[in-house]
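Inside the fold
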Amino acid sequence: MTGPTRLSVGRTGSRSRVHRTTGHLTARIMEQDAHGARVGLLATQALLLSGDDVRIEVDVAPGAWLDIVETTGTVAYEGDAPSSWAIDATVGDEAVLTWAGKPFVVSDGIATHRDTRIRLHGSARVLMQEKIVLGRAGQTGGDLTTSLNATDDTGPVQVEHLDLTGQTRGMPGVLGNLRSMDTVTALGWSPEPPGEPEAGTTGPGETYFRLDRAGAVLRWIGIGRFRDRLCDLAFAAWCEEAMHGHRSRGHLAARRPGHAGTAGRRAVPTPTGLPSPSSAAPAGP
């Protein structure tokens, strides 16, 4: 049985301290300074095969930053045994975690689950992008469920469970023939999208959700493979905001084109289809 991939980063006087343990994935340091590092995740074997249980544990120490890049997409291949992909992250006070996900493709004939658990402390910030594709070319896709449970020192920030199994997503008002979903989640602060979505061109379009507590979600669902025009731009812009004061992010602006600066920000209504993310209500009166 393969153990979890573990990744932690902490601040030092002249160079950040990065610890890595290889599991189904291995981490490669791409850039590094005294406060943090940019790290690429690479598979050590074919993923995601029937029965695979991929676990990634991340710890960002107080005041540090960590930018995770998935270097390739992941395919959940068909098989009799369910597969799973789990992320467990702890982010300390004044620390920042950004995670640029690549497409996660769910093949026909497989049941797979994605689980993300995040603990924020103090003024920590987290930014994650998740891209889902139901089915490979010519397929409709297998059964997928996803869960997100994010908490801070007060309590739940966002709790969400999506049932995208074949039986459920074919019901009226859910997904229908839509096969792709792109979600950008900001936790610890509430940024606004850097532009206005264009609904109706590749699906219902993007929808912006402001959480009851510090956080925001931008989600696109559509018929194509990420022909949305706003999620990547939002990730780039929000990444700049999240990292402000931690380090120079000019290289990320070049890597993720279309960062902040576009005028015309507004919240948009929820489209017919996937339900909006659930957010915990503020604690107390």
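These numbers were taken from a predicted model, which means no experiment stands behind them. (Residues numbered from 1 in each chain as written. Predicted model: local features only at pLDDT ≥ 70, side-chain atom pairs only at ≥ 80, totals over all residues. Heavy atoms only, no water.)

Some words on the nonpolar core
Formed by 50 residues in total, the largest nonpolar core has its most connected members in Ile56, Val58, Val60, Leu66 and Leu97. Once you skip the residues sitting within four places of it in the chain, leucine 66 turns out to touch Leu7, Val9, Ala37, Val39, Val58, Val60, Val96, Leu97, Thr98 and Met243. Judged by nonpolar contacts, the second largest core, of 20 residues, contains Leu127, Ala186, Leu218 and Trp220. (Core = buried A, V, L, I, M, F, W, Y, C linked by side-chain atoms within 4.5 Å. Buried < 20%, exposed > 50% of the residue type's maximum accessible area, 1.4 Å probe, protein only. Contact = heavy atoms within 4.5 Å.)

A few points about the pattern of salt bridges
For the structure on display, the rule yields eleven salt bridges. Between glutamate 31 and arginine 38 there is a salt bridge, and its shortest N-O distance comes to 3.4 Å. Residue class for glutamate 31 comes out partly exposed when judged on its relative accessible area of 26%. Among the residues examined, arginine 38 registers a relative accessible area of 9% and is labelled buried. Two residues, aspartate 232 and lysine 131, come together in a salt bridge whose shortest N-O distance is 3.1 Å. (Salt bridge = Lys/Arg side-chain N within 4 Å of Asp/Glu carboxyl O.)

Comments concerning helix 2 (residues 231-243)
For helix 2, spanning 13 residues, the distance from its first C-alpha to its last is 18 Å, which sits close to the expected 18 Å at 1.5 Å a residue. Listed as buried for helix 2 are Cys231, Ala234, Phe235, Ala236, Ala237, Trp238, Cys239, Ala242 and Met243. Directly beyond the C-terminal end of helix 2, a positive phi value near 90 degrees is found at glycine 245. (Helix = DSSP H or I, 4+ residues; strand = E, 2+ residues; numbered from the N terminus. Expected span 1.5 Å × (residues − 1).)

Some points on unusual backbone geometry
Look at the link from leucine 47 to leucine 48: it is a cis peptide, with omega at 5 degrees. One can find leucine 48 in the loop between strand 4 (36-43) and strand 5 (53-60).

Quick notes on the side chain of threonine 74
With respect to the helices, strands and loops of the structure, threonine 74 is situated in strand 7 (residues 74-76). Contacts of threonine 74, omitting those with residues within four sequence positions, involve Leu47, Leu48, Trp85, Pro103, Phe104 and Val105.

Quick look at the confidence of the model for the chain
Detail in the predicted coordinates should be disregarded across regions flagged by low pLDDT. Looking at the chain as a whole, the pLDDT averages 85, with 83% of positions reaching at least 70. Predicted confidence is poor over residues 278-285, with pLDDT under 50, and the contacts of this stretch with residues over four places away or in other chains come to 18 contacts. (pLDDT = per-residue confidence, 0-100.)

Let's talk about empty space enclosed by the protein
Taken as a whole and judged by the stated rule, the model has five cavities of 30 Å³ or more. Reported here for the largest cavity is a volume of approximately 260 Å³. As for the largest cavity, its lining consists of 20 residues, of which Thr116, Met128, Glu130, Leu148 and Thr185 are closest to the centre. Only strand 9 (96-106), strand 10 (111-120), strand 11 (125-134), strand 12 (143-151), strand 13 (156-164) and strand 14 (180-187) provide two or more residues apiece to the lining of the largest cavity. With four residues, the top contributor of residues to the lining of the largest cavity is strand 11. Counted by class, the lining of the largest cavity contains seven nonpolar, eight polar and five charged residues. (1 Å grid on protein atoms, 1.4 Å probe; cavity = no way out; pocket = protein on both sides within 12 Å on 5 of 7 lines; lining within 4 Å. Points joined across faces, edges and corners; volume = space filled by probe spheres on them. Nonpolar A, V, L, I, M, F, W, Y, C, P; charged D, E, K, R; others polar.)

Re the pairing of strand 12
With nine bridges connecting them, strand 10 and strand 12 associate as parallel partners. The residue of strand 12 that forms the bridge with arginine 119 is threonine 151. Bridging between strand 12 and strand 13 involves eight bridges; their strand directions are antiparallel. Note on strand 13: the bridge partner recorded for asparagine 149 is valine 159. Connecting strand 12 to the next strand, strand 13, in antiparallel fashion are four residues, including glycine 155 with a positive phi near 160 degrees. (Pairing = 2+ DSSP bridges.)

With respect to the side chain of aspartate 182
If you trace the backbone, aspartate 182 turns up in strand 14. One polar contact links aspartate 182 to glutamine 129, side chain to side chain, over a distance of 3.2 Å. (Polar contact = N/O pair within 3.5 Å; in protein donor to acceptor, adjacent residues only side chain to side chain.)

Some words on the sheet that holds strand 13
If you trace the seven strands from one edge of the open sheet to the other, you get 2-1-5-8-10-12-13, paired in mixed fashion. Two strands lie at the open edges of the sheet, namely strand 2 (17-21) and strand 13, each paired on one side alone. Ignoring which end each strand starts from, the neighbouring axes of this sheet average 5 degrees apart. Two strands pair when backbone bridges link them, and strand 8 (residues 83-91) and strand 10 are joined in this way by nine bridges, in the parallel orientation. Across the sheet, residue tryptophan 85 finds its bridge partner in strand 10, namely arginine 114. (Axes fitted to C-alpha atoms, helices over the stretch in contact; angles between N-to-C directions.)

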